[in-house]
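A closer look at the structure
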Amino acid sequence: MASIDPRVFAEKGCIGLEGFHPKARMASIRQSLLDGMKRAHVGKGIPPAIRSLPMFQQIARLSALVQVPGLHASLVTPELKEAITALGGQAPVSIQETQLLLSPRAQGNWSLQGLNWHVDVTADARGPIPGIQAFFLIDDVAPRGGATLALAGSHRPGVDIPALRRLLKASTHLERDLQSLGIELIEMCGRAGDVFLMDMRVLHTPSINATRELRMMATARCFLQT
């Protein structure tokens, strides 16, 4: 498992922890997820009613159809809470129930254009961390496989957020232009069991799943401030 470094987290606002959860645990969750999809009558063929939705609404609708008993307790473990505490400087005051993030296969051509960049809380960049969001890889997620994207460094004081939003809409060489601002585009892809932890002030977005594999992730928001 990758080391927990509060200094790196303070600078980037998003870090990946390889192999945080054991593969056996994730295999069990994956099987429960697949069983839940069968119970919901959702198999390899995603229902046309979901496919007809705008691309990012497909994620919310598909994820809401599936239930995985014990998901929260399996992923939000004491070890995860310790990692959150180490990075945030205090234990979470509340943790939202874990939510699935499922993306249908082959949503279209992968692109950085037209994405839904947002933050989950509005808080002063100079103030304490309001919360840390955890993203869990239930199964392997390949590059361009629908993983959440984050703009590491976008939470820092001095970042011109309105200008950054304009760049996100207009740039045709986004990764290069972001690098010139000291901001790194992180694609939360990797292996089953990996976890990404993100300052909730960081701009992030769902992305397009251009692969032929279902994207299986989950997320939990851990609040550090009331």
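Residues numbered from 1 in each chain as written. Predicted model: local features only at pLDDT ≥ 70, side-chain atom pairs only at ≥ 80, totals over all residues. Heavy atoms only, no water.

1. Observations regarding the overall build of the protein
Our working definition: Helix and strand definitions here come from DSSP, where helices need a minimum of 4 consecutive H or I residues and strands a minimum of 2 consecutive E residues; each element is numbered from the N-terminal end. The atom set for the radius of gyration is the C-alpha atoms, and the globule formula is 2.2 Å times the number of residues raised to the power 0.38. Burial classes follow relative accessibility: with a 1.4 Å probe on protein chains only, a residue under 20% of its type's maximum area counts as buried, one over 50% as exposed, and anything between as partly exposed. Any two residues whose heavy atoms approach within 4.5 Å are treated as being in contact. Each accessible area is a Shrake-Rupley estimate made with a 1.4 Å probe; only the visible protein chains count as cover when residues are assessed. Positive charge is attributed to Lys and Arg, negative charge to Asp and Glu, and no charge count is given to His or to the chain ends. Charge positions are represented by NZ for Lys, CZ for Arg, CG for Asp and CD for Glu.
Broken down by element type, the protein carries eight helices and nine strands. Compactness check: the protein gives a C-alpha radius of gyration of 17 Å against a globular reference of 17 Å for 226 residues, within 12% of the reference. Along the three orthogonal principal directions, the C-alpha set of the protein runs to about 50 × 40 × 30 Å. Here the protein holds 226 residues, and the buried ones make up 47% of them. Restricting to contacts in the protein with at least 6 residues of sequence separation, those with at least 24 account for 87%. For the protein, the accessible area works out to roughly 10,900 Å², and carbon and sulfur atoms hold 52% of it. Of the charged side chains in the protein, 24 are positive and 19 negative; the average position of the first set lies 7 Å away from that of the second.

2. Some remarks on the pattern of salt bridges
Put simply, the rule reads: A pairing counts as a salt bridge when a side-chain nitrogen of Lys or Arg comes within 4 Å of a carboxyl oxygen of Asp or Glu.
For the structure on display, the rule yields nine salt bridges. Between Arg221 and Asp120 there is a salt bridge, and its shortest N-O distance comes to 3.2 Å. Here Asp120 lies in the loop between β3 (99-103) and β4 (131-137) and Arg221 lies in strand β9 (residues 215-223), a separation of 101 residues in the sequence. A relative accessible area of 27% places Asp120 in the partly exposed class.

3. Looking at the pairing of β9
Selection criterion: We treat two strands as partners when DSSP finds at least two bridges between them.
When you tally the buried positions in β9, you get nine out of nine residues, the bulk of the element. Neither face of β9 is open: one carries Arg215, Met217, Thr219, Arg221 and Phe223, the other Met216, Ala218, Ala220 and Cys222, and all of them are buried. Direction of pairing for β3 relative to β9: antiparallel, over a ladder of five bridges. Bridging from a neighbouring strand, Leu100 pairs with Ala218 of β9. Bridge count for β4 against β9 is seven bridges, and the pairing is antiparallel. Its bridge partner being in β9, Ile132 is matched across the sheet by Cys222.

4. Concerning the side chain of Ser207
Counted only if it meets this: Here a polar contact means two N or O atoms within 3.5 Å. Within protein one must be a hydrogen donor candidate and the other an acceptor candidate, and residues neighboring in sequence count only if both atoms are side-chain atoms.
Checked against the element boundaries, Ser207 lands in the loop between β8 (204-205) and β9. Polar side-chain contacts of Ser207 include one of 2.5 Å to the backbone oxygen of Ala147.

5. Points about the nonpolar core
For soluble globular proteins, nonpolar side chains are generally found buried alongside one another. Spelled out, the test is: In plain words, nonpolar cores are sets of buried Ala, Val, Leu, Ile, Met, Phe, Trp, Tyr and Cys residues tied together by side-chain atoms within 4.5 Å.
Core analysis: the largest hydrophobic core is formed by 37 residues, its most contacted members being Leu33, Leu80, Leu100, Ile132, Phe136, Ile138 and Leu197. Among the elements of the structure, β1 (14-17), α2 (23-39), α5 (71-75), α6 (78-88), β3, β4, β7 (195-199) and β9 are those that each provide at least two residues to this core. The contact partners of Ile138, leaving out residues within four places of it in the chain, are Met26, Ile29, Arg30, Leu33, Leu100, Ala192, Met216, Met217 and Ala218.

6. Section: α2
Filter applied, for reference: In this analysis, the expected span of each helix is defined as 1.5 Å times one less than the number of residues it contains. Think of it as the arc spanned by the lines of direction from the helix axis to the C-beta atoms.
Across its 17 residues, α2 extends 24 Å between first and last C-alpha, which sits within 8% of the 24 Å expected from 1.5 Å per residue. Among the residues of α2, those classed as buried are Met26, Ile29, Leu33, Gly36 and Met37. One side of α2 holds all its buried residues, which, seen down the axis, span an arc of 100°. Turned more than 90 degrees off the buried face of α2, the exposed positions are Ala24, Lys38 and Arg39.

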